Amino acid sequence: MSKLAFIGGTGVYDPGILTDLHSEIIDTPYGKASYESGRFGDKEIIFLARHGVHHTIPPHKINYRANIYALKMLDVKAVVSTTAVGSLNPDYKAGELVLVDQFIDMTKSREGTFYDGEHYGVAHLDMTHPYCETLRQAIIRAAEEEHITLHPHGTYICTEGPRFETPAEIKAYRQWGADVVGMTNLPECVLAREAEICYSTISMVTNFAAGISDTPLSHREVVDCMNHNLESFKKIITILSRT
Ligand code: HPA
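This is a predicted model, so every value here is computed, not measured.

(A) Representation of the environment of Gly16 in the model. Mapped onto the secondary structure, Gly16 falls in the loop between strand S1 (4-8) and strand S2 (19-28). Accessibility expressed as a C-beta count within 10 Å gives 14 for Gly16, which makes it partly exposed. Residues Gly16 and Met183, 167 residues apart in the sequence, show an inter-C-alpha distance of 24 Å.

(B) Representation of the environment of Val181 in the model. Mapped onto the secondary structure, Val181 falls in strand S10 (residues 180-182). Owing to 28 C-beta atoms within 10 Å, Val181 belongs among the buried residues under this scheme. Distance in space between the C-alpha atoms of Val181 and Thr166 is 12 Å, their sequence separation being 15 residues. Those residues in contact with Val181 that lie beyond four places of it in its chain are Val85, Gly86, Leu88, Ile157, Thr159, Glu165, Ile170, Tyr173 and Ala209.

(C) Highlighting helix H5 (residues 219-242). For H5, which comprises 24 residues, the first-to-last C-alpha distance of 34 Å matches the rise-based estimate of 34 Å (1.5 Å per residue) to within 8%. Along H5, the helix axis deviates most sharply at His228, where the bend reaches about 35°. Three or more residues of H5 are buried, namely Met226, Asn229, Ser232, Phe233, Ile236, Ile237, Leu240 and Ser241.

(D) Molecular detail of the site of the ligand. Ala84, Gly86, Val181, Gly182 and Ala209 are the nearest of the 14 residues found near the ligand. For the shell around the ligand, the secondary-structure elements that each account for two or more residues are strand S5 (78-87), S10 and strand S11 (198-208). Here the shell around the ligand takes three residues from S5, the largest share from any one element. When its residues are assigned to classes, the shell around the ligand shows eight nonpolar, five polar and one charged.

(E) Seen up close, unusual backbone geometry. Residue Pro162 is reached from Gly161 by a cis peptide bond, and omega for that bond is -5°. You can see Pro162 is positioned in the loop between strand S9 (155-158) and helix H3 (167-176). With omega at 5°, the peptide bond leading from Leu186 into Pro187 counts as cis. Of note, Pro187 is situated in the loop between S10 and helix H4 (188-194). Here the phi dihedral of His147 falls at roughly 55°; this positive angle occurs in a residue that is not glycine. With respect to the element layout, His147 can be found in the loop between helix H2 (133-145) and strand S8 (150-151).

(F) Spotlight on the UniProt feature "binding site: phosphate" (unreviewed entry) in the protein. UniProt feature "binding site: phosphate" (unreviewed entry): in the numbering of this structure it lies at Thr10, Arg50, His51, Thr83, Ala84 and Thr184. For this annotated set, covering 175 residues, all C-alpha atoms fall within 11.9 Å of each other, a compact arrangement in space. Inspection of the secondary structure puts His51 in the loop between strand S4 (43-49) and helix H1 (64-73). Excluding residues within four positions of it along the chain, His51 makes contact with Thr10, Thr56 and Ile57. Among the secondary structure elements, Thr83 is positioned in strand S5. A residue is classified by how many C-beta atoms lie within 10 Å of it, and Thr83, with 28 of them, is buried. Sequence-distant contacts of Thr83, that is, excluding residues within four places in its chain, are made with Gly9, Gly182, Thr184, Asn185, Thr201 and Ser203.

(G) Geometry of the pairing of S9. As defined by bridge partners, strand S7 (residues 102-105) adjoins S9 across four bridges and the pair is classed as parallel. Looking at the pairing, Ile104 lines up with Ile157 of S9. Pairing of S9 with S10 involves three bridges; the strand directions are parallel. Residue Tyr156 lies in a different strand from S10, and its bridge partner there is Val180. What joins S9 to S10 is H3, and the crossover it makes is right-handed.

Reading the values: rules and limits
Residues numbered from 1 in each chain as written. Predicted model: local features only at pLDDT ≥ 70, side-chain atom pairs only at ≥ 80, totals over all residues. Helix = DSSP H or I, 4+ residues; strand = E, 2+ residues; numbered from the N terminus. Buried ≥ 20, exposed ≤ 12 C-beta atoms within 10 Å, placed from the backbone. Contact = placed C-beta atoms within 7 Å. Expected span 1.5 Å × (residues − 1). Bend = angle between axes of the 7 residues up to and from the residue. Near = placed C-beta within 6 Å. Nonpolar A, V, L, I, M, F, W, Y, C, P; charged D, E, K, R; others polar. UniProt positions renumbered as here; feature names shortened; annotations may be inferred. Pairing = 2+ DSSP bridges. Right-handed = clockwise from strand over helix to strand, strands pointing away.

Written out as structure tokens, the structure is:
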């Protein structure tokens, strides 16, 4: 596989499979981006912790443009990202993975495009297939090989956060066809498409969304469940890194 990067979301701050890891900061026209560069065998792989290594950057303050621009500068051709999500679909349970293939964007305040009429002018990209199908198929094969429960389809609805949703919002989103809800997949997915990087997202279910679960949500619940999901993620990326 051509040069690969992993973007780790909540609970994924260390890819765990790379050697010779060193931290780097790169200047982009959109600001600085921090990442780690490491090796898997003879390949260089990039790892970027979306919220920072100590989870200090909230979803609406992530500099998505700097992050994706940095990956482009580093000649990354393919990105596997992770997102912690709540589930709206009774069949998608905590501890399971969903390889999302559609999104609904409910974000409000984010710089969401390189085509803002300035340096790159104006363009309107097709979003019929928002995620890279080649990478999706490779992930599906890797999960099968490792006997990991991975749902191959799902619609991700991205909220602005950082608060969790109300039960009324979740009820409406379910009627729209959303399967999982998170706060970070947009505009990352769109920017990667604009940068012509093959991009995929493994959503890790940590809880049933508000109103579906009868207990209030806590960040602790999300983080605890991510530790289990992390093991599955590591197995999948080990196989992807080998190819
Ligand atoms: N809502 C939004 N983001 C999330 C959730 C949720 O229920 N769980 C993990 N990230």
